[in-house]
Amino acid sequence: MSEQPLNPSPAGTPEDAAAGTAPVAPGPSAPGPTGSTAADALPLPAGPASGVVSDAASDALSEEDAAARRAASFERARRLRQEPRFPGGPAADPAGSHHERRIRSFQPRRSRVTTGQQESLERLWPQWGLDIDGKRVLDLAELFGGLPVVLEIGFGMGEATAQMAADDPGTGILAVDVHTPGQGNLLGLAEKAGSTNVRVANGDAVILLREMLAPESLDGLRVYFPDPWPKARHHKRRLIQPDFLDLVAPVLKPGAIVHCATDWEPYAEQMLEVLTAHPRFENTAADGGYAPRPAFRPLTRFEGQGLDKGHVVHDLLFARV
């Protein structure tokens, strides 16, 4: 919106009184030596000029215009969050009707999607993808053709998940994440390897566990390198917490393995403490500590970077009792 200067206030207005200027009495004026009138010859009024009123009004208009622009920007962002990025692909907010005020352990990211990832999403999502909308209970036997099913929460770009699926075609992997490029990448990797035992779920794993999985329907849970939320004030956002395990236990079959891995030492200690204290889980490590890395868990690129920095990776394997 362009700013237009306001007309100065006429003499004798309250603004002049506030500024300490005297009103000019109306009446005829004689021309001066140069043809100017007596009014022209009067000295300029002392004190602030009436243009200050114009500037204040213009500032108000500027603030109003800025507020309107911010409101429009927020509205565009809201619509973007609710609209799918790809026709027939993962929904932007699949469980919008289940919005709740609780601490989230994840933060959705909308980074750049490559042409290949987009093509995989548009072509393969209707066959191998599903949105976590909280509106139905999944029939895992039908979804995976009767295979035992392991839930994986947070798969990044999907390289390790695709490798585990290819190495063990007799196990179905229900892989959950909110990162769109990673979803497309995993779908493409699974297709390239000829793996048909992967399904990609988009959305909040808590809603999946709480509302969309039948009791004792899972044969395992994998949580590899979750966000460690290293700052003390963010520890409440860590995924492995007693309340989370309360959701996990009922949907696991007896004997099902919860497998966690992290390269963040304080988080590993918390995982060990929380899992050990929960009555529905038992440590498979004989000494009650960490377990060696199982052969079926690939060494990921992320893990390799951590090892290069001197990080120590800890695996925890607990059985549901």
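As shown above, the structure is provided for reference.
A. Region of interest: the nonpolar core. In terms of nonpolar packing, the biggest core is built from 40 residues, with Leu-151, Leu-174, Leu-208, Leu-213, Leu-221, Phe-244 and Phe-281 touching the most fellow members. Listed by contribution, the elements that provide at least two residues to this core are strand E2 (149–153), strand E3 (172–177), helix H8 (205–211), strand E5 (218–224), helix H9 (242–251), strand E6 (252–262), helix H10 (265–277) and strand E8 (314–320). In contact with Leu-151, other than residues within four places in its own chain, are Leu-174, Val-176, Leu-208, Leu-209, Leu-213, Leu-218, Gly-220, Leu-221 and Arg-222. Among the nonpolar cores identified, the runner-up in size contains 19 residues, and Ala-165, Leu-187, Val-198 and Phe-225 belong to it.

B. Local environment of the pattern of salt bridges. This structure, assessed with the given rule, holds 9 salt bridges. Linking Glu-119 and Arg-123 is a salt bridge whose minimum nitrogen-to-oxygen distance equals 2.4 Å. Placement of the pair is Glu-119 and Arg-123 together in helix H4 (residues 115–128), with a separation of 4 residues, close to one helical turn. By relative accessible area, which is 37% here, Glu-119 ends up partly exposed. According to the relative accessible area criterion, Arg-123 is partly exposed, its value standing at 39%. A salt bridge links Glu-211 to Arg-210, with the shortest nitrogen-to-oxygen separation between them at 2.8 Å. For Glu-211, a relative accessible area of 22% corresponds to the partly exposed category. Taking relative accessible area as the criterion, Arg-210 reaches 38% and is therefore assigned partly exposed. Members of the salt-bridge network, linked through shared partners, are Glu-119, Arg-123 and Glu-191.

C. Just the packing of aromatic side chains, in detail. On inspection of all chains with the given rule, the structure shows 0 aromatic pairs. Of note, Arg-297 hangs over the ring of Tyr-224, and the distance from its end group to the ring centre comes to 5.7 Å.

D. Up close: the packing of helix H6 (residues 159–167) against helix H7 (residues 180–193). Axis separation between H6 and H7 bottoms out at 9 Å; the angle between their running directions is 30°. When the axes of H6 and H7 are compared, the pair comes out roughly parallel. Like other packed secondary-structure pairs, H6 and H7 cross with a definite hand, here right-handed. Facing Glu-159, Thr-161, Ala-162 and Ala-166 of H6, the residues of H7 in contact are Leu-186, Leu-189 and Ala-193. Its residues assigned to classes, the contact of H6 with H7 shows 5 nonpolar, 1 polar and 1 charged.

E. Quick peek at the packing of H4 against H7. For the pair H4 and H7, interaxial distance at closest approach is 8 Å and the crossing angle is 75°. When the axes of H4 and H7 are compared, the pair comes out roughly perpendicular. Along its contact with H4, which presents Gln-117, Ser-120, Leu-121, Arg-123, Leu-124, Trp-125 and Trp-128, the element H7 presents Thr-180, Pro-181, Gln-183, Gly-184, Asn-185, Leu-187, Gly-188, Ala-190 and Glu-191.

F. Here's a closer look at the sheet that holds strand E7 (residues 281–283). Pairing within the open sheet is mixed, and its 8 strands lie in the order E1-E4-E3-E2-E5-E6-E8-E7. The strands lining the two open edges of the sheet, one partner per strand, are strand E1 (129–131) and E7. Neighbour-to-neighbour, the strand axes of the sheet open up by a mean angle of 25°, direction not taken into account. Sheet topology places E3 next to strand E4 (residues 198–202); 5 bridges connect them, and they run parallel. Along E4, the bridge assignment pairs Asp-177 with Asn-202.

G. A look at the environment of Asp-93. Within the element layout of this structure, Asp-93 appears in the loop between helix H3 (51–82) and H4. Note on Asp-93: relative accessible area 44%, which makes it partly exposed. Separated by 38 residues in sequence, Asp-93 and Asp-131 have C-alpha atoms that sit 8.8 Å apart.

Scoring rules and cut-offs
- Throughout, a residue's number is its position along its own chain's written sequence, starting from 1.
- Confidence filtering applies because this is a predicted model: local features only for residues at pLDDT of at least 70, side-chain atom pairs given and counted only at 80 or more, and all residues used for totals across whole chains, interfaces and linings.
- With hydrogens and water stripped out, all remaining heavy atoms of the structure feed into the side-chain values.
- The definition of a nonpolar core used throughout is a set of buried Ala, Val, Leu, Ile, Met, Phe, Trp, Tyr and Cys residues joined through side-chain atoms within 4.5 Å.
- To sort residues, take the accessible area from a 1.4 Å probe on protein chains only and compare it with the maximum for the residue type: under 20% means buried, over 50% means exposed, and anything in between is partly exposed.
- Counting from the N terminus, the helices are DSSP H or I runs at least four residues long and the strands are E runs at least two residues long.
- Here, two residues are considered to be in contact whenever any of their heavy atoms come within 4.5 Å of each other.
- For this analysis, a salt bridge means a side-chain nitrogen from Lys or Arg found within 4 Å of a carboxyl oxygen belonging to Asp or Glu.
- Pairing of aromatic rings covers Phe, Tyr and Trp, the last through its six-membered ring, and needs centres within 6.5 Å; plane angles under 30 degrees mean stacked, over 60 mean edge-to-face, and all others mean tilted.
- The criterion is that NZ of a Lys, or CZ of an Arg, lies within 6 Å of the ring centre and within 35 degrees of the ring normal, and then a charge sits over that ring.
- The convention used is that axes are lines fitted to C-alpha atoms, helices contributing only their stretch in contact, and that angles between N-to-C directions extend from 0 to 180 degrees.
- Angle categories: roughly parallel below 35 degrees, roughly antiparallel above 145, roughly perpendicular from 65 to 115, and oblique for all the rest.
- Rotating anticlockwise by less than a right angle from the far helix to the near helix defines a left-handed crossing, while the corresponding clockwise rotation defines a right-handed one.
- All amino acids are sorted into three groups, where Ala, Val, Leu, Ile, Met, Phe, Trp, Tyr, Cys and Pro are nonpolar, Asp, Glu, Lys and Arg are charged, and the leftover types, Gly among them, are polar.
- By this definition, two strands are paired if DSSP reports at least two bridges between them.

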